[in-house]
Amino acid sequence: MMHKNILILSTSPRKHSNSDALAEEFAKGAREAGHDVEKISLIGKEIQFCRGCLACQKTKRCVIHDDADKIVQEKMLHADVLVFATPIYYYEMSGQMKTLLDRANPLYTCDYAFREVYFIAAAAEDGDEVWTRAANGLEGWIACFPKARLSGVIFGGNATDTGTVQCNPAMKKAFDAGKAIQ
Ligand SMILES: Cc1cc2nc3c(=O)[nH]c(=O)nc-3n(C[C@H](O)[C@H](O)[C@H](O)COP(=O)(O)O)c2cc1C
């Protein structure tokens, strides 16, 4: 078995968030399988919008030196596996997750290590139609990184208030998905 560096980007702004609880289960499973797991929450992070200047395509670095720049350069570039956890907002990924994906544009010209990408989401409603737009959005990003693919989706529905995802079968699915990484 290969020992992998797994980076979880937990993008909910809520403490004790549902998507973060799923991300924690994924992390537990992956650690049990012997991988190195780091989870970064975007709570308290300074993440500005991409300015669209495309300077990064020449310099491999963003002109904005905030937390997103650090996460991209120091963490996302080197991880073997990326895991994005998000609340569903209006049947889409959260704005902060989208902003991070945009700010990861320097990776487009870099020798990025990630080959597997996982998507974790929580929402008030249940059903595939609640999360598919968000997963499609992430797949659009992955399409620009041809060495990587979407390796799994974990969705916890029927979860509105914080903590309500705890009794959801998605918790076990998250653990199992983390543990199944080889
Ligand atoms: C701005 C906003 C939009 C939301 N839109 C949806 C939605 O379209 N569908 C849904 O099922 N839940 C929606 N919700 C509910 C959240 O997805 C739900 O509370 C979820 O548990 C949040 O995840 P978190 O605890 O990880 O932040 C929305 C919540 C907010 C704040």
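Residues numbered from 1 in each chain as written. Predicted model: local features only at pLDDT ≥ 70, side-chain atom pairs only at ≥ 80, totals over all residues. Heavy atoms only, no water.

### A word on the overall build of the chain
No. 1: When helices and strands are counted, the chain shows six helices and five strands.
No. 2: Reading the chain from its N terminus to its C terminus gives the helix and strand order β-α-β-α-α-β-α-β-α-β-α.
No. 3: For 182 residues, the compact-globule formula gives about 16 Å, and the C-alpha radius of gyration of the chain, at 15 Å, lands near that figure.
No. 4: Across its three principal directions, the C-alpha atoms of the chain cover 45 × 40 × 30 Å.
No. 5: Across the 182 residues in the chain, those meeting the buried criterion constitute 50%.
No. 6: Summed over its atoms, the accessible surface of the chain is roughly 8,900 Å², and 52% of this surface lies on carbon and sulfur atoms.
No. 7: Of the charged side chains in the chain, 22 are positive and 23 negative; the average position of the first set lies 5 Å away from that of the second. (Helix = DSSP H or I, 4+ residues; strand = E, 2+ residues; numbered from the N terminus. Rg over C-alpha atoms; globule rule 2.2 N^0.38 Å. Buried < 20%, exposed > 50% of the residue type's maximum accessible area, 1.4 Å probe, protein only. Areas by Shrake-Rupley, 256 points an atom, 1.4 Å probe, with all protein chains shown as cover. Lys, Arg positive; Asp, Glu negative; His and termini not counted. Charge placed at Lys NZ, Arg CZ, Asp CG, Glu CD.)

### Here we look at the site of the ligand
No. 1: Taken together, 17 residues lie near the ligand, and Ser 12, Arg 14, Ser 19, Ile 88 and Ala 159 sit nearest.
No. 2: Within the backbone of Tyr 91, one N or O atom sits 3.0 Å away from an oxygen atom of the ligand.
No. 3: Backbone polar atom of Ala 122 to an oxygen atom of the ligand: 3.5 Å apart, as the coordinates give it.
No. 4: For the shell around the ligand, the residue count by class is ten nonpolar, five polar and two charged. (Near = heavy atom within 4 Å. Polar contact = N/O pair within 3.5 Å; in protein donor to acceptor, adjacent residues only side chain to side chain. Nonpolar A, V, L, I, M, F, W, Y, C, P; charged D, E, K, R; others polar.)

### A word on the packing of aromatic side chains
No. 1: One pass over the full model with this rule turns up nine aromatic pairs.
No. 2: When the ring of Phe 84 is compared with that of Trp 141, the centres are 5.7 Å apart and the planes differ by 80°; the resulting orientation is edge-to-face. Taken together, the residues Phe 84 in strand S3 (residues 81-87) and Trp 141 in helix H5 (residues 128-142) connect sequence positions 57 residues apart.
No. 3: With relative accessibility at 0%, the residue Phe 84 sits in the buried group.
No. 4: Consider the rings of Tyr 108 and Phe 145, whose centres lie 6.4 Å apart with planes at 80°: the pair is edge-to-face. (Phe/Tyr/Trp six-rings, centres within 6.5 Å; stacked < 30°, edge-to-face > 60°.)

### With respect to the sheet that holds S3
No. 1: A sheet is described by the order of its strands in space; here five strands give the open sequence S2-S1-S3-S4-S5, paired in parallel fashion. Where the open sheet ends on each side, the last strands, each with one partner, are strand S2 (36-41) and strand S5 (149-156). The mean inter-strand angle of the sheet, taken between neighbouring strand axes irrespective of direction, is 15°.
No. 2: Of the pairings in the sheet, the one linking S3 to strand S4 (residues 116-122) comprises seven bridges and is parallel in character. Within the sheet, the bridge partner assigned to Val 83 lies in S4 and is Tyr 118.
No. 3: Where helix H3 (residues 67-76) meets the sheet, its contacts fall on strand S1 (5-10), S2 and S3, and the angle it forms with S1 comes to roughly 160°. (Pairing = 2+ DSSP bridges. Axes fitted to C-alpha atoms, helices over the stretch in contact; angles between N-to-C directions. Contact = heavy atoms within 4.5 Å.)

### Examining the pairing of S4
No. 1: Summarising burial for S4: seven of the seven residues are buried, a large majority.
No. 2: On S4, burial covers both faces: Glu 116, Tyr 118, Ile 120 and Ala 122 on one face and Val 117, Phe 119 and Ala 121 on the other are all buried.
No. 3: After leaving S3, the chain enters helix H4 (residues 95-103) and then returns to the sheet as S4, a path that is right-handed. (Right-handed = clockwise from strand over helix to strand, strands pointing away.)

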